[in-house]
Amino acid sequence: DVKVTQSSRYLVKRTGEKVFLECVQDMDHENMFWYRQDPGLGLRLIYFSYDVKMKEKGDIPEGYSVSREKKERFSLILESASTNQTSMYLCATGTGDGNTIYFGEGSWLTVV
Amino acid sequence: RKEVEQDPGPFNVPEGATVAFNCTYSNSASQSFFWYRQDCRKEPKLLMSVYSSGNEDGRFTAQLNRASQYISLLIRDSKLSDSATYLCVVNLSGGSYIPTFGRGTSLIVHP
């Protein structure tokens, strides 16, 4: 079975703090994605990566950055957290041929 | 115009009912299609892929209509446990597959 692990499940951070969300997958997938999900807005793509050290902006990259130094790990970084970044963050992985993607369990971030 | 559109619902149906959802997509070059299920406060999980010829998995049937650019999900003999949000996913090709999600359709199955 594919395993996508988001180590931080529930976080509470203060405005202005730097926040790291880590995602690790064990299936050697090329593609990795970060989404955020908010009520009424669905899943919105923040960033994705299709190879080590490669990254592409999604639909809402402002206020976020990412890092992919190893194939299995894709990190989402909030340089200076703001209250409007309170959300559920979902990491996903997939092969590069348009097949199924798999999600981690999600990270619930509250910025106060 | 949103690339992938779904009726948010909720669809409120009794146990045993048959219910169908549609999802329209705007990019005619879309290559692959899926239905995901998401329970409250959980991650989305693959329900089924959608093939051109249509496909069935138990009580669930998925159809693709490329000419009209929509996919559908039919659930027969609804169970209480089918209550969830159903997300339509379309993969847009062009070098790197980028899954695009609809906002989901909420299904509530009641006794």
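The numbers attached to residues start from 1 for each chain and follow its sequence in the written order. Note on labels: chains are lettered from A, ligands numbered from 1, in written order. Reporting of local features is limited, given that this is a predicted model, to residues whose pLDDT is at least 70; pairs of side-chain atoms are given and counted only at 80 or more, and all residues count toward the totals for whole chains, interfaces and linings. Remark: hydrogens and water are excluded; side-chain values derive from all non-hydrogen atoms of the structure.

### Points about the sheet that holds strand β1 (residues 4–6) of chain B
Residue and element names in this part refer to chain B. Here a strand pair is declared whenever DSSP counts at least two bridges between the two strands. Runs of H or I in DSSP of at least four residues are treated as helices and runs of E of at least two as strands, each being numbered from the N terminus. Read from one edge of the open sheet, five strands run β1-β3-β8-β7-β6, paired in antiparallel fashion. Looking at strand neighbours, the two that pair on one side only are β1 and β6 (55–57), the edges of this open sheet. Here the average twist between neighbouring strands, direction ignored, is 20 degrees. For β1 and strand β3 (residues 19–25), the ladder comprises three bridges, and the chain directions are antiparallel. Directly across from E5, in β3, lies its bridge partner T24. Orientation is described by lines fitted to C-alpha atoms, with helices fitted over the stretch in contact, and by angles between N-to-C directions that extend from 0 to 180 degrees.

### Observations concerning the nonpolar core
Here, the term nonpolar core denotes a set of buried Ala, Val, Leu, Ile, Met, Phe, Trp, Tyr and Cys residues that are joined through side-chain atoms within 4.5 Å. Burial status follows relative accessibility: with a 1.4 Å probe on protein chains alone, a residue under 20% of its type maximum counts as buried, one over 50% as exposed, and anything between as partly exposed. Core analysis: the largest hydrophobic core is formed by 24 residues, its most contacted members being B:F21, B:W35, B:I71, B:L73, B:I75, B:Y86 and B:L107. Where this core is concerned, the elements lending two or more residues are β3, β4 (32–38), β5 (45–50), β7 (60–65), β8 (70–75), β9 (84–92) and β11 (105–110) of chain B. The biggest single contributor to this core is β9(B), with five residues. Ranked by size, the runner-up nonpolar core spans 20 residues in total, among them A:V19, A:W34, A:L109 and A:V111.

### Here's the deal with the interface of chain A and chain B
Whether two residues are in contact is decided by their heavy atoms, any of which lying within 4.5 Å being enough. Every contact between the two is made by 24 residues of chain A and, on the other side, 17 residues of chain B. By convention, the term buried area covers the 1.4 Å-probe accessible surface removed from two parts as they join, with the contributions of both added. When chain A packs against chain B, close to 1,600 Å² is buried across both sides, 59% of that on carbon and sulfur atoms. Put simply, the parts of the chain that give the side of chain A that touches chain B at least two residues each are β4 (31–38), β5 (42–49), β9 (87–94) and β10 (101–103) of chain A. Looking at side-chain class alone, the side of chain A that touches chain B contains 13 nonpolar, nine polar and two charged residues. Residues are grouped as follows: Ala, Val, Leu, Ile, Met, Phe, Trp, Tyr, Cys and Pro are nonpolar; Asp, Glu, Lys and Arg are charged; every other residue, Gly included, is polar.

### Some details on unusual backbone geometry
The linkage connecting B:G9 with the following residue, B:P10, adopts the cis geometry, with an omega of 5 degrees. Relative to the helices and strands, B:P10 is located in the loop between β1 and β2 (11–14). Located in the positive-phi region is A:D28, a residue other than glycine, with phi close to 60 degrees. We note that B:Q69 has phi near 55 degrees; this positive angle belongs to a residue other than glycine. Considering the arrangement of structural elements, one finds B:Q69 in the loop between β7 and β8. Classification of B:Q69 as buried rests on a relative accessible area of 19%.

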